Amino acid sequence: MNPRVERARVLITVKAAPEPSSTYGDTVCVAGIRTDGAHPEWIRLYPFPFRWMPERVRFKKYDVIEVDVHRGTRDDRRESYRPDIQSIEIVDHLDHWRHRHEIVGKVAPTSTCELHRAALANSQAPSLGVVPVASVEKLEIVPFVGWTEAQLKRIADAENLAPLDLFGDGMDTPPELQAPRFTARYRYHCFADGCPSHTGQLLDWELGELQRRHLLNLSDDEAKGEIEKKFLTQKFASHRETSFFVGNFGDKVKRGSFSILGIYAPTQADAAPTLF
Ligand SMILES: [Zn+2]
């Protein structure tokens, strides 16, 4: 039986760093707020083989896309769907924080403490959430430790891939996946009473992009300084009301562990409730 296909309209809020994949070389996990139902709700879309997707469908964060989706068989988390990548259409882009907040602000904020507790108790608990950040203790920036065994195997498998022409655009073989130089993780407190603090790795695509595009010729200390400037000083500036978009792993033994998929940093004015 074919899975039921639905047309979803999604404000893209999360684009994670590419991960090795034996089918496509590398794939990206995307999440956002689905707005075609009765209430805005989280949706996770995986996989997107960005390297094989032509420019016209390479959507960015805060684009609004429409895409056919269905439930996958491997991932039973309640927000997870598989996209039909040939059906993607970019229909809008929300440039202003106020417009973004009109949608993101309708999803109830939660806390990492609550997500963690619920995920350990129930495999169908929320696996994505927006978590206001009470305080950041530290942004730890460390050299990338290398791909895992499983990832190395996927990279090796992918070397034999024939070029894919998914969109009939005559794609050339795109460049290989590059390992990042640094990874980063936040130690932070959420707003739950008695929060003991959390450590979450930053999986945002932007972290790798910053390194690839702007930090190649810098020393380690200079590069770390630039990462801190962007992900600490700017995102947590005092006029911003900053939250993390967090998500857990599909692997059932890791469901209680939430990573930071992206940072939501509207100004206080743009995040203020509208009066009318
Ligand atoms: Zn907490």
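Residues numbered from 1 in each chain as written. Predicted model: local features only at pLDDT ≥ 70, side-chain atom pairs only at ≥ 80, totals over all residues. Heavy atoms only, no water.

### Some words on the layout of surface pockets
What the second largest pocket holds in volume is close to 1,000 Å³. Along its surface, the second largest pocket is lined by 34 residues, and Lys 15, Trp 205, Glu 209, Arg 212 and Arg 213 are the ones closest to its centre. With seven residues, the top contributor of residues to the lining of the second largest pocket is helix α4 (residues 205-214). When its residues are assigned to classes, the lining of the second largest pocket shows 13 nonpolar, four polar and 17 charged. Counting contributing residues per domain, the lining of the second largest pocket is built from domain 1 (6-97) and domain 2 (109-144 + 180-271), each supplying no fewer than three. (1 Å grid on protein atoms, 1.4 Å probe; cavity = no way out; pocket = protein on both sides within 12 Å on 5 of 7 lines; lining within 4 Å. Points joined across faces, edges and corners; volume = space filled by probe spheres on them. Helix = DSSP H or I, 4+ residues; strand = E, 2+ residues; numbered from the N terminus. Nonpolar A, V, L, I, M, F, W, Y, C, P; charged D, E, K, R; others polar. Domains from an automatic or database assignment.)

### Section: the nonpolar core
Among the nonpolar cores identified, the biggest contains 25 residues, and Tyr 186, Ile 227, Phe 231, Phe 244, Val 246 and Ile 260 are the most heavily contacted of them. Elements represented by at least two residues in this core include exactly α2 (112-121), β8 (128-143), β9 (182-190), α4, α5 (220-234), β11 (243-248) and β12 (258-264). The greatest single-element share of this core, amounting to five residues, is contributed by β9. If we ignore the near neighbours within four places in the chain, the residues touching Ile 227 are Leu 139, Ile 141, Phe 182, Leu 207, Leu 210, Gln 211, Leu 215 and Leu 232. (Core = buried A, V, L, I, M, F, W, Y, C linked by side-chain atoms within 4.5 Å. Buried < 20%, exposed > 50% of the residue type's maximum accessible area, 1.4 Å probe, protein only. Contact = heavy atoms within 4.5 Å.)

### Focus: the pattern of salt bridges
Scanning the entire structure with this criterion turns up 25 salt bridges. Arg 7 is the salt-bridge partner of Glu 89, the closest N and O atoms lying 3.3 Å from each other. With a gap of 82 residues between them, Glu 89 in strand β7 (residues 89-93) and Arg 7 in strand β1 (residues 6-15) connect regions that are remote in the sequence. Owing to a relative accessible area of 41%, Glu 89 belongs among the partly exposed residues under this scheme. Where Glu 226 meets Lys 229, a salt bridge forms, and the shortest distance between an N and an O atom there is 3.6 Å. With a gap of three residues between them, Glu 226 and Lys 229 both fall in helix α5, about one helical turn apart. Classification of Glu 226 by relative accessible area gives partly exposed; the value is 31%. Residues joined by salt bridges that share partners form a network here, namely Arg 7, Arg 9, Glu 66, Asp 68 and Glu 89. (Salt bridge = Lys/Arg side-chain N within 4 Å of Asp/Glu carboxyl O.)

### Some details on the coordination of the zinc ion
The protein atoms that coordinate the zinc ion are Cys 113 (SG), Cys 190 (SG), Cys 195 (SG) and His 198 (NE2), at distances of 2.0 to 2.3 Å. Classification of the site at the zinc ion rests on its four donor atoms, whose angles at the metal span 100 to 119°, yielding the label tetrahedral. On the basis of relative accessibility, which here comes to 11%, the residue Cys 195 falls in the buried class. (Donors = N, O, S within 2.8 Å, 3.2 Å for Na, K, Ca; no water. Tetrahedral: all angles 85-135°; square planar, octahedral: opposite > 155°, others 65-115°.)

### Structural notes on the sheet that holds strand β10 (residues 198-201)
Taken in spatial order, the five strands make up an open sheet running β10-β9-β8-β11-β12, and their pairing is antiparallel. On the outer flanks of this sheet lie β10 and β12, each paired with one strand and no other. For this sheet, the mean inter-axis angle between neighbouring strands, taken without regard to orientation, is 50°. Pairing geometry for β11 and β12, over six bridges, is antiparallel. Pairing of Val 246 across the sheet is with Ile 260, part of β12. (Pairing = 2+ DSSP bridges. Axes fitted to C-alpha atoms, helices over the stretch in contact; angles between N-to-C directions.)

### Points about the environment of Ile 65
With respect to the helices and strands, Ile 65 occurs in strand β5 (residues 63-70). Sequence spacing of Ile 65 and Leu 11 is 54 residues, and the spatial spacing of their C-alpha atoms is 6.6 Å.

### Quick word on the packing of α4 against α5
Relative to each other, α4 and α5 sit at 145°, their axes nearing to 11 Å. Considering the relative orientation of α4 and α5, their crossing is right-handed. Contact with α4, carried on its side by Glu 206, Leu 207, Leu 210 and Gln 211, involves Glu 226, Ile 227, Lys 230 and Phe 231 of α5 and no other residues of that element. For the contact of α4 with α5, the residue count by class is four nonpolar, one polar and three charged. (Left-handed = near helix turned anticlockwise from the far one by under 90°.)

### Comments concerning the domain arrangement of the protein
Here the domain parsing of the protein yields domain 1 (6-97) and domain 2 (109-144 + 180-271). Relative placement of domain 1 and domain 2: their C-alpha centres are 20 Å apart. With 20 residues of domain 1 at the contact, the number on the domain 2 side is 23 residues. Between domain 1 and domain 2 lies a buried interface of about 1,900 Å² when both sides are counted; carbon and sulfur atoms form 55% of it. Taken together, domain 1 and domain 2 are joined by three salt bridges. With a closest N to O distance of 2.6 Å, Asp 76 and Arg 255 form a salt bridge. For the interface between domain 1 and domain 2, the tally reads nine residue pairs in polar contact (both at pLDDT 80 or more). Within the residue set of the side of domain 1 that touches domain 2, elements represented by two or more residues are β1, β3 (25-34) and β4 (41-48). Taken together, the residues that form the side of domain 1 that touches domain 2 break down as 11 nonpolar, two polar and seven charged. (Buried area = accessible area lost by both parts, 1.4 Å probe. Polar contact = N/O pair within 3.5 Å; in protein donor to acceptor, adjacent residues only side chain to side chain.)

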